[in-house]
Amino acid sequence: MKPRRLKRRFAAIFGCVMALSAAMPAFADDIAGQWLFDTSKFAGNDCQIVGRITFVPTKVKNTYTCVFESEQICGKLNGDLYIRVRQVCTAQRVGKQVAIQSQVDRVLERRPYLPPEMAKLNYLADNFILQLAANKAEMLGEHYDEQRSLNARFWRDIELIS
């Protein structure tokens, strides 16, 4: 192949690679930023926990502070129970493993109604042990509290570009 043709082909390939990499989200090798999450269903397949979490890096490598709102949404089998909770947490990443330990900050809404101090006492903090996927856009693992263990999925909150 002639050198000029080779240069053109290389330039075309380089241009395509650059265009494709610009179109893909660029994630650092960490979990910083916003994520959405949900759990598997529980309580007779009638309840699920969903939410949004934000991780902020600390000065300590692979350690994050986080805050999230979770919603426990149940159907008729569980009295149409709805609980929206603000939680604060810390997260530690070791390799691809991410551990999230949380505390209930406050119950923002509960139906049927309970006074906020009682509602807070009755809600167990949501904790997670996850595995970061190779694309750094998803984490799969487990939700746990003192009563149950559930499957959990986290994914990056990415706005799609059209």
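Residues numbered from 1 in each chain as written. Predicted model: local features only at pLDDT ≥ 70, side-chain atom pairs only at ≥ 80, totals over all residues. Heavy atoms only, no water.

Enquirer: Can you tell me about the overall build of the protein chain, naming the residues and giving the values?
Expert: Looking only at helices and strands, the protein chain has two helices and eight strands in total. Every one of the 162 residues in the protein chain was classed for burial, and the buried ones make up 30%. Excluding contacts between residues fewer than 6 apart, the proportion of contacts in the protein chain whose partners are at least 24 apart in sequence is 46%. In the form shown here, the protein chain has an accessible surface area of approximately 10,500 Å², with 58% of it arising from carbon and sulfur atoms. (Helix = DSSP H or I, 4+ residues; strand = E, 2+ residues; numbered from the N terminus. Buried < 20%, exposed > 50% of the residue type's maximum accessible area, 1.4 Å probe, protein only. Contact = heavy atoms within 4.5 Å. Areas by Shrake-Rupley, 256 points an atom, 1.4 Å probe, with all protein chains shown as cover.)

Enquirer: I'd like a description of the side chain of D145, backed by residues and values.
Expert: Secondary-structure assignment places D145 in the loop between strand 7 (138-144) and strand 8 (149-156). A relative accessible area of 13% places D145 in the buried class. Within the structure, D145 has its side chain in polar contact with the backbone nitrogen of Q147 (distance 2.7 Å). Within the local environment of D145, its side chain forms a polar contact with the backbone nitrogen of R148, the two atoms lying 2.9 Å apart. Apart from residues lying up to four places away in sequence, D145 is in contact with L124 and A125. (Polar contact = N/O pair within 3.5 Å; in protein donor to acceptor, adjacent residues only side chain to side chain.)

Enquirer: Could you give an account of the pattern of salt bridges, naming the residues involved and the relevant values?
Expert: Counted under the stated rule, the structure contains eight salt bridges. E109 is the salt-bridge partner of R84, the closest N and O atoms lying 3.6 Å from each other. Placement of the pair is R84 in strand 4 (residues 82-94) and E109 in strand 5 (residues 97-111), with a sequence separation of 25 residues. What makes R84 partly exposed here is its relative accessible area of 23%. When the shortest N-O distance is used, the salt bridge between D105 and R106 registers 3.5 Å. On the accessibility criterion, R106 (43% relative accessible area) is partly exposed. Look at the salt bridges and you will find they share partners, linking E69, R84, E109 and R111 into a network. (Salt bridge = Lys/Arg side-chain N within 4 Å of Asp/Glu carboxyl O.)

Enquirer: Mind laying out the environment of Q97, listing which residues take part and the relevant values?
Expert: Within the element layout of this structure, Q97 appears in strand 5. Judged by relative accessible area, which is 37%, Q97 ranks as partly exposed. As a C-alpha pair, Q97 and L140 span 43 residues in sequence and 9.7 Å in three-dimensional space. One polar contact links Q97 to Q131, side chain to side chain, over a distance of 2.4 Å.

Enquirer: Run through the sheet that holds strand 4, naming residues and quoting values.
Expert: Within a sheet, adjacent strands bond to each other through the backbone by hydrogen bonds, running parallel or antiparallel. Taken together, the eight strands give a closed barrel; going around it, the order is 1-2-3-4-5-6-7-8, and neighbouring strands pair in antiparallel fashion. For this sheet, the mean angle separating the axes of adjacent strands, direction not counted, is 25 degrees. Across 13 bridges, the pairing between strand 4 and strand 5 is antiparallel. The residue bridging V85 from the neighbouring strand is V107, located in strand 5. (Pairing = 2+ DSSP bridges. Axes fitted to C-alpha atoms, helices over the stretch in contact; angles between N-to-C directions.)

Enquirer: Give me the nonpolar core: which residues, what numbers.
Expert: By size, the foremost hydrophobic cluster in this structure holds 31 residues, and its most contacted members are I31, I53, F55, I100, M139 and F154. Of all the secondary-structure elements, those providing two or more residues to this core are strand 1 (33-39), strand 2 (47-57), strand 3 (63-74), strand 4, strand 5, strand 6 (127-132) and strand 8. Setting aside residues no more than four positions away along its own chain, F55 makes contact with I31, A32, G33, W35, Y64, T65, C66, A91, I100, M139 and F154. (Core = buried A, V, L, I, M, F, W, Y, C linked by side-chain atoms within 4.5 Å.)

Enquirer: An account of the packing of aromatic side chains is needed here, citing residue identities and associated values.
Expert: Evaluated as defined, the whole model comprises six aromatic pairs. Ring geometry for F37 against F68: centres 5.6 Å apart, planes inclined by 80 degrees, an arrangement best described as edge-to-face. Separated by 31 residues along the polypeptide, F37 in strand 1 and F68 in strand 3 bring together distant segments of the chain. Here F37 and F68 have matching classes, each one buried. Between the aromatic rings of F55 and Y64, the centroid separation amounts to 6.4 Å while the plane-to-plane angle is 75 degrees, which identifies the pairing as edge-to-face. Each member of the pair, F55 as well as Y64, is classed as buried. One aromatic cluster is present, formed by F37, F68, F128 and F154 through successive ring pairs. (Phe/Tyr/Trp six-rings, centres within 6.5 Å; stacked < 30°, edge-to-face > 60°.)

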